Amino acid sequence: MEASLHVHTPTPVCCGRIVLRDKTFVKKIKPFIPSRRTNLFSQFTQSCSWHKYSLIAGFSNQIIASSDFSRRRRYKVSTPRANDSAPKGFKPKPSSLRKDQKIIEGKDVINPSISTEVVNPTKKESKIDKVPELNQRSENVKIDILDEISVSGSQKKKLEAINDSDNQVESLSSGDDDDEEEEAPRKLKLEVEVEVEAKLLKQKLEEEKLLKQKLEEEKLLKQKLEEEKLLKQKMEERQKEMEAKLRIQELKSLATETLVKGEKIFYYPKIVTPDQDIEIFLNRTVSCLYQESEILMMGAFNDWRYKSFTVKLEKTNFGMDWWSCQIHVPKEAYKINFVFFNGNDVYENNEMKDFCINVEGGMDVYEFEALLLEEKRRELERLAKEEYERQKQVEEQRRIEAEKASSEADKAQAKNEAERRRGMLEEQLQKALKSDDSVWYIEPSEFKWEDMVRLYYNKGAGPLANAKDVWIHGGYNNWREGLSIVEKLVKYERKVGDWWYADVVVPNCSLVLDWVFSDGPPQRATLYDNNNRKDFHAIVPISIPQDLFWAEEEHRIYKKLQTERRIREEEIRAKAEKTTRMKTETKERTMKTFLLSQKNIVYTDPLDVQAGGLVTVFYNPTNTVLNGKPEVWFRCSFNRWTHRMGILPPQKMLPADNGTHVKTSVKVPLDAYVMDFVFSERETDDGAFDNKNGMDYHLPVSGGIAKEPPMHIVHISVEMAPIAKVGGLGDVVTSLSRAVQDLNHNVDIILPKYDCMNLSNVKDLGFHKSYSWGGTEIKVWFGKVEGLPVYFLEPQNGLFWKGCIYGCNNDGERFGFFCHAALEFLLQSGFHPDVIHCHDWSSAPVAWLFKDNYMHYGLSKARIVFTIHNLEFGAQLIGKAMQYADKATTVSPTYSREVADNPVISPHLYKFHGILNGIDPDIWDPFNDKFLPVPYTYENVIEGKKAAKEALQQKLDLKRADLPLVGIITRLTHQKGIHLIKHAIWRALDRGSQVVLLGSAPDPRIQNDFVNLASQLHSTHHDRARLCLTYDEPLSHLIYAGADFILVPSIFEPCGLTQLTAMRYGSIPIVRKTGGLYDTVFDVEHDKERAQSQGLVPNGFNFEGADAAGVDYAVNRAISAWYESRDWFNSLCKVVMEQDWSWNRPALDYLELYHAARK
């Protein structure tokens, strides 16, 4: 129990201690020693007035009396006395106001009278609350003072002793005799405290004095600085006045000098530097503006290319008719260009030469060009980023719209499906029963979803009467989810007859149960009781209302459709992303191979030349016309020799570390997109040059701000795949055009409009125009084939209404007319192509018709490129085209050498080049091939080819075994080596292989020969040989994928696509060394170095002879490798799949040829 009292104690007496919190109020006090203890504190308080600043002055103390008061530490308090009495040692002397005022340092400090409130004597003795806390706070203050003020050692020891004893003395003395013993320590403590106070006051006064002195010094210093500043300003003003006068004098001198020279302008200062203000002066009197009252200057920097400006001129004040303006020269400037005008149409432009001032000490023109290019690069990056974000938003909006449309379609489909199911189920419900007591019944008869019911079946009443076991195969709602109930029935002994039963759970959401009985589980049952093919059906008696059920069913169908669609779309998206990624990786590998293909002659470090960087060119002259020359000079430019910097000065190449190469380094400008160079033996233009047989050396530059301007290429051809294809010519026209178009060039194709053409592959076909030529009207149709723009020419004279492409007795006349009509179409349509590309004998007339009739009459920009696909046809026409063409090609380097001695070719070898054909990677793509059972890439080639082989064996009824399989896909002609094909078939069968041939012969005799061979093989090796003597596109895909080897034993082969397609599908080619076969297949044992020179690795088996021994040599090695080194063989399949035989590389070679033709 506690009771509280409030005692107001203005006098801050804390058990005989003096507590000083705020040292700023302490004044100098003379120490004194009181003679008597009774008035010690009163005298001290009256002298110091310390209570005025006490921390607890006026504090209302709370006195608490509690039940455990006696157990607490007691504090003595004075007991109430009479008014005339006072506690001993605390009775203050009577004092007047005058005595209470103490003058310290000339200031009056008022000591207010001390009032003491006496506790009511009737109340119990109370404890003064907060006393221990105040004691502690006063102790802290004393410790702080002792730390901050030096106290003598003896005093300090005394004070510590007092403190120790003071811990024992916690109550006020009441005058008892025991207090006498404590009086001496109290006196000593008081002395020390007074001394501390005195020192504090002294220190405070000294600090105030120092502060006052510092303020005075700062004031004096400030005054001095202001005076100096004022003086400096006056001096600067005088200096400016002097400089202004000197400037006026100098300007007058310059003006006079300018007049003497007969010039119109001058500028100040005389030497102009970057990041500077200059003034330009015009003598209006001698200018075209002499009558104008307002003059402006319009200008820019760095040949009018940087920071244009317009400023107004003001009349000067130094005499004559001089006008001036001031401009700031930016730090990027190397020249100032300007003219003067009146704001309208009167100009002073220095007699059409403009005025210019050179800026010294700044950037030069090349550094400024680099600055502009860097700014442009940053701008392009910003625009590209904005375009990416825009496309991203567009794609997201498209996705949202597509998702919304798909969702609506799913809802409509779900509704239709639900209605269809409801109609079918209602028919079943009409036929369904609750039981058929003689055959089956269910207990209990009333049940609902997810109940366990027992289904009884009378086995003896149906076809399973003699079955050993009985099984139920069941579902629900007209078998909506297929087979969902499978249970074995148990014999029921308690009922007469052959009854069996099974316990089944009623499926959720079922309205009717469907089932049949059998003699075994699914997949092993042989006998069924299916209620005479009507199945058994039982109504579920207890279920939800049908309208609610079908609403929920429609929603379930909708959700299922959405899930299936999203899974399907995700699979398509993932597959498309992987296809794109693989294409990108393939292109990067091809570009690297392209750059390394000439490493024995020239290469760079880094291999990928970057715009804005430094590139080192390494050259090996021992393999060129400069072999043995004492010096090699490097001549370089950029952008097909058209760069703004022109041709760089020749650089002498220095020996490289490897001893065989020489090297030099070049800084690549930011606006370069291709690097061009040749080598010479001298610094001058005479002597030997290595210019790559007139093609020059060109390397692509990456990361630049400039892009190569697109060329316009027009193909004039009589074939195009897939709409008018007879042979490889049609494939080349389509695939090459697509590859060049993918490299950001413009490609058009002009083709006859045959009446037998398959127009289903032409998108957006429509009438374009008509024109007259050759005595007939020619209608022009336009459409897109494989993404390529195609113009179809249809002469109304019926030349192409023959039901065929080739085979007419006037083919020469037909195609000659077409070539002339195509050139006329280009002329009349205003086309200005860079290159006209014609092919084989059928469009060879384009070359001379163009040069004779159109080159100087509107199509002067174009150059002719002619490609020989097969020299066996139309040699005379080919020879004439070779004469007129600017550049000519054939379909492989080896074939170009093989036909070099032909008289129609040999005179033109200087412009004749061999460029390999490629295959279309979108048509021949095992990862996206709809004819294969398992899509695959090089990552899972073994799995994919195994599945394809099994599918092929099953399709052709071959033995399903793990055997080597040799595939042959060809036209059966003598060119293809039909005698070698026959021998290879027998040899492969002898080695235990399977053989599949797909192809037909245009010659009936050869076709019959192979029909007889097929009959013989199908009889003797029915499970290992199959000859399909027709053309079957899906089967060809399956053979490429399922075969281990593809045989191509051609007698001659200009290029060949079969071996390229085989490698695309991971099949190993076995070929004869001829034409394009030699250029693309490198023997695993003999051609390692030859492959490395092309940046490749060995990829197949080849042979030289055109006899049985040659075939045996290659076939035996291939089949032995399959049997004896399967792991190595499997790795070889992966290697060939990674090689790029698409049009990526040939397209780059053709672009180089196009540029060379235009040079």
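- The protein goes by starch synthase in an unreviewed UniProt entry, where it is assigned to Tagetes erecta.
- Recorded under Sequence similarities (unreviewed entry), the UniProt text for the protein is reproduced unchanged: "Belongs to the glycosyltransferase 1 family. Bacterial/plant glycogen synthase subfamily."
- Turning to the protein, the UniProt record has this under Catalytic activity (unreviewed entry): "[(1->4)-alpha-D-glucosyl](n) + ADP-alpha-D-glucose = [(1->4)-alpha-D-glucosyl](n+1) + ADP + H(+)".

1. What about the overall build of the protein?
Then comes step 1: Within the protein, the secondary structure is distributed over 23 helices and 47 strands.
Then comes step 2: Residues classed as buried in the protein amount to 46% of the 1159 residues present.
Then comes step 3: Put simply, of all contacts in the protein between residues at least 6 apart along the chain, 69% involve residues at least 24 apart.

2. Topic: the packing of helix H9 (residues 811-828) against helix H11 (residues 845-854)
Then comes step 1: The interhelical angle for the contact between H9 and H11, taken along N-to-C directions, is 45 degrees, at an axis separation of 9 Å. Relative to H11, the element H9 lies oblique. H11 is crossed by H9, and the crossing has right-handed handedness. Here H9 contributes Gly816, Cys819, His820, Leu823, Glu824 and Leu827 to the contact with H11, which in turn contributes Pro845, Val846, Leu849, Phe850, Asn853 and Tyr854.
Then comes step 2: Its residues assigned to classes, the contact of H9 with H11 comprises 8 nonpolar, 3 polar and 1 charged.

3. So, the nonpolar core
Then comes step 1: In this structure, Ile985, Leu997, Phe1010, Phe1045 and Phe1101 are the most contacted members of the largest nonpolar core, which totals 77 residues.
Then comes step 2: Those residues in contact with phenylalanine 1045 that lie beyond four places of it in its chain are Pro964, Leu965, Val966, Gly967, Ile1068, Ile1070, Phe1101, Ala1118, Ile1119, Trp1122 and Phe1129.
Then comes step 3: By size, the runner-up hydrophobic cluster in this structure holds 62 residues, among which are Ile716, Ala844, Ile864 and Met882.

4. Overview of the side chain of lysine 949
Then comes step 1: Mapped onto the fold, lysine 949 is located in helix H14 (residues 941-955).
Then comes step 2: Residues within four places of lysine 949 in sequence aside, it is in contact with Asp962, Leu963, Pro964, Leu965, Gly1042, Asp1044 and Trp1122.

5. Structural notes on the sheet that holds strand E6 (residues 276-283)
Then comes step 1: Strands sit in the order E5-E6-E10-E9 across an open sheet of 4 strands; the sheet is antiparallel. In the strand order of this sheet, the two ends are held by strand E5 (265-268) and strand E9 (314-315), each with one partner.
Then comes step 2: Against the sheet, helix H5 (residues 183-261) engages E5, E6 and strand E10 (322-329), with an angle of about 155 degrees to E5.

The rules we used
Residues numbered from 1 in each chain as written. Predicted model: local features only at pLDDT ≥ 70, side-chain atom pairs only at ≥ 80, totals over all residues. Heavy atoms only, no water. UniProt positions renumbered as here; feature names shortened; annotations may be inferred. Helix = DSSP H or I, 4+ residues; strand = E, 2+ residues; numbered from the N terminus. Buried < 20%, exposed > 50% of the residue type's maximum accessible area, 1.4 Å probe, protein only. Contact = heavy atoms within 4.5 Å. Axes fitted to C-alpha atoms, helices over the stretch in contact; angles between N-to-C directions. Parallel < 35°, antiparallel > 145°, perpendicular 65-115°, else oblique. Left-handed = near helix turned anticlockwise from the far one by under 90°. Nonpolar A, V, L, I, M, F, W, Y, C, P; charged D, E, K, R; others polar. Core = buried A, V, L, I, M, F, W, Y, C linked by side-chain atoms within 4.5 Å. Pairing = 2+ DSSP bridges.

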